[in-house]
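Listed here are the chains, written in short residue letters.
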There are 2 protein chains.
Amino acid sequence: MLDDTKRRLLNTAGQIFADKGFEAASIREICQQAEANIAAVHYHFGDKKQLYVATVRLAQCAQSDEIPFPELPADMPAAQRLRTFVGTMFERMLSADRPKWHLQLMLRELSYPTEACEAIVHDYIRPMADSLRTILAELLPGDMPEPERWQVGFSIVGQVLFYYVHQPIIRLLIGDEAYRNLTVDTLADHVTRFSLAALGQRMPQEVAS
Amino acid sequence: MLDDTKRRLLNTAGQIFADKGFEAASIREICQQAEANIAAVHYHFGDKKQLYVATVRLAQCAQSDEIPFPELPADMPAAQRLRTFVGTMFERMLSADRPKWHLQLMLRELSYPTEACEAIVHDYIRPMADSLRTILAELLPGDMPEPERWQVGFSIVGQVLFYYVHQPIIRLLIGDEAYRNLTVDTLADHVTRFSLAALGQRMPQEVAS
DNA sequence: GCGGGAATCAAACAAGTGTTTGATTGAATC
DNA sequence: GATTCAATCAAACACTTGTTTGATTCCCGC
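What you see is a predicted model; the values in this text were computed from it and never measured.

**Q** Teacher, can you tell me more about the protein's contact with DNA strand C here?
**A** Near DNA strand C lie 16 residues; those nearest to it are T5, Y43 and H44 of chain A together with R28 and K48 of chain B. Protein-adjacent atoms of DNA strand C, using a 4 Å cutoff, are sugar or phosphate at a proportion of 51%. Between T5 of chain A and DNA strand C, the recorded distance is 3.0 Å, taken from a side-chain N or O atom to a phosphate oxygen. Between Y43 of chain A and DNA strand C, the recorded distance is 2.6 Å, taken from a side-chain N or O atom to a phosphate oxygen. When residues of the surface near DNA strand C are traced back to their parent elements, those giving at least two are α3 (40–45) of chain A together with α2 (27–33) of chain B.

As structure tokens, then:
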């Protein structure tokens, strides 16, 4: 392979950056684990910071590609589309069979933003927000002012993200065993039912597992 | 004052730790900003790590003292107690007149836990969780199984924490001006109303501002 | 077979890290 | 006034950091 070391560097760097953060990750550790020379990062990327933004960019693309957001046909009931939306978010977050550092790195960047944050919001978050707001347009009264519509969206997304960002809290609170029982479907069903009820809607039977 | 430098060290260290994280914060920067000698941290705390856990412990205590959780009298309607609970959380998070590094440091520790995390969960989170679960006991059907009760609690707390943890996203999504319009009361009202509706309850009029 | 450019390598760079030392201060105690 | 002990200080410690250099290897096109 041509740029094999460059690819190896990107992947292991992303893993370590996601795990420890930018400052705590050292180039030597990255290169050693990637079986590359220390000078390779300078040669291929310029410096540490450029390597970092490259990993963020990679994570962003990969994350979108691996579990693409399903097309939500306009004739599908809004409640069911909401269930699909929430389910896809949980899928992206908790699905264990893919490299987990992609989302991990992105969420770290979103919580403690550097210069790479804006790109994520623009390319990754914004489309999701638009998709959710389209769904909500059918579930909310037409005269609801814009700020309130945003808050409803935040209430839904906040529920989902909580399970990812605060895994340590949840584990310590309910115990490891109960945590393992939290499946993607269970959580997606709960959040969807909870949110639909908050909007005065019922959970459609055909999607409630 | 006797231990003035020790106190100064704790406060500026906590600020910097909260801002940059443990690894990225340097002892020299802390000491310079605290107007203390570099050896002072070794003298008063032992090493950098012990200084860090001391700041976390301080943040934890201060955070509880400054905005103590109000006693929720048992004869107050559960819906109103929920509004108070949510309001206090927002108060702790967004009230601008207190040093903000306390909660900032605690939430950083909760998202990326070190050894100090368990103590926070045990001494700070657990009591809050118990308080919320007591309120929910009156709002939820008595035969609801334990895991679902937890999920309802997470749905409520998740909504609240979202506004703190993901401030950067919110700002970029809705714009700076709209963000400034989000007051503690507005948000607490929304989250409470949303959650109560999800549980089939109405927002009590006397607390809806 | 041979030049030439891309890629890799060991080695060293200067700067910054946490930590430690040993001397110096200052105020309270006898 | 002498002693004592906690607190502070400048200086150096050994080590790691990101970065750079210059030589070496590798492989492709001529």
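Text resumes after the structure shown.
**Q** I would appreciate a short explanation of unusual backbone geometry in the present structure.
**A** What is expected of a backbone is that most residues other than glycine have negative phi and most peptide bonds are trans. Phi angles above zero are rare outside glycine, and E35 of chain A is one such case at about 55°. Summarising the element assignment, E35 of chain A is placed in the loop between α2 (27–33) and α3.

**Q** Hey, could you run me through the relation of the copies chain A and chain B in this one?
**A** Applying a rotation about an axis and a shift along it to one chain copy brings it onto the other copy. Between chain A and chain B, which share one sequence, the superposing operator has a rotation angle of 180° and an axial displacement of 0.0 Å; the RMSD is 0.0 Å. With respect to symmetry, the two chain copies, as superposed, fit the operation of a two-fold axis. Among all C-alpha atoms of chain A, that of A198 of chain A lies closest to the rotation axis, at 1.9 Å. Of the residues that chain A buries at the interface, 100% are likewise interface residues in chain B, meaning the two copies contact each other through the same surface.

**Q** Explain the protein's contact with DNA strand D to me, please; I cannot follow it from the model alone.
**A** In the vicinity of DNA strand D lie 16 residues, with R28 and K48 of chain A together with T5, Y43 and H44 of chain B positioned nearest. Measuring from a phosphate oxygen of DNA strand D, one finds a backbone N or O atom of A25 of chain A at 3.2 Å. For DNA strand D, a phosphate oxygen lies 3.3 Å from a polar atom in the side chain of N37 of chain B. Listed by contribution, the elements that provide at least two residues to the surface near DNA strand D are α2 of chain A together with α3 (40–45) of chain B. The residue makeup of the surface near DNA strand D, split by class, is six nonpolar, five polar and five charged.

**Q** Can you walk me through helix α4 (residues 48–66) of chain A in this structure?
**A** For an α-helix, the turn length of 3.6 residues means that residues three or four places apart are oriented alike. Residues and elements named next belong to chain A. Its 19 residues place the ends of α4 27 Å apart at the C-alpha level, agreeing with the 27 Å of an ideal helix rising 1.5 Å per residue. Among the residues making up α4, those that are buried are K48, L51, Y52, V53, A54, T55, V56, A59, Q60, A62 and Q63. Of the surrounding secondary structure, the elements contacted by the buried residues of α4 are α1 (4–20), α2, α3, α5 (78–94), α6 (101–111) and α7 (117–139).

**Q** Just checking my understanding: could you explain the interface of chain A and chain B for this structure?
**A** By a widespread convention, an interface's size corresponds to the accessible area lost as its parts come together. Between chain A and chain B, the residue contacts involve 43 residues of the former and 43 residues of the latter. Interface area, chain A with chain B, both sides summed: about 4,000 Å², of which 74% is carbon and sulfur. Looking at the side of chain A facing chain B, the largest losses of area belong to F154, L173 and F194 of chain A, adding up to 18% of the total buried there. Linking chain A with chain B are zero salt bridges. Here chain A is connected to chain B by ten residue pairs in polar contact (both at pLDDT 80 or more). Of all the secondary structure elements, the ones that give two or more residues to the side of chain A that touches chain B are α6, α7, α8 (146–165), α9 (167–174) and α11 (184–198) of chain A. Residue classes in the side of chain A that touches chain B are distributed as 30 nonpolar, nine polar and four charged.

The rules behind the values
Residues numbered from 1 in each chain as written. Chains lettered and ligands numbered in written order. Predicted model: local features only at pLDDT ≥ 70, side-chain atom pairs only at ≥ 80, totals over all residues. Heavy atoms only, no water. Near = heavy atom within 4 Å. Polar contact = N/O pair within 3.5 Å; in protein donor to acceptor, adjacent residues only side chain to side chain. Helix = DSSP H or I, 4+ residues; strand = E, 2+ residues; numbered from the N terminus. Least-squares fit on C-alpha atoms with pLDDT ≥ 70 in both. Contact = heavy atoms within 4.5 Å. Nonpolar A, V, L, I, M, F, W, Y, C, P; charged D, E, K, R; others polar. Expected span 1.5 Å × (residues − 1). Buried < 20%, exposed > 50% of the residue type's maximum accessible area, 1.4 Å probe, protein only. Buried area = accessible area lost by both parts, 1.4 Å probe. Salt bridge = Lys/Arg side-chain N within 4 Å of Asp/Glu carboxyl O.

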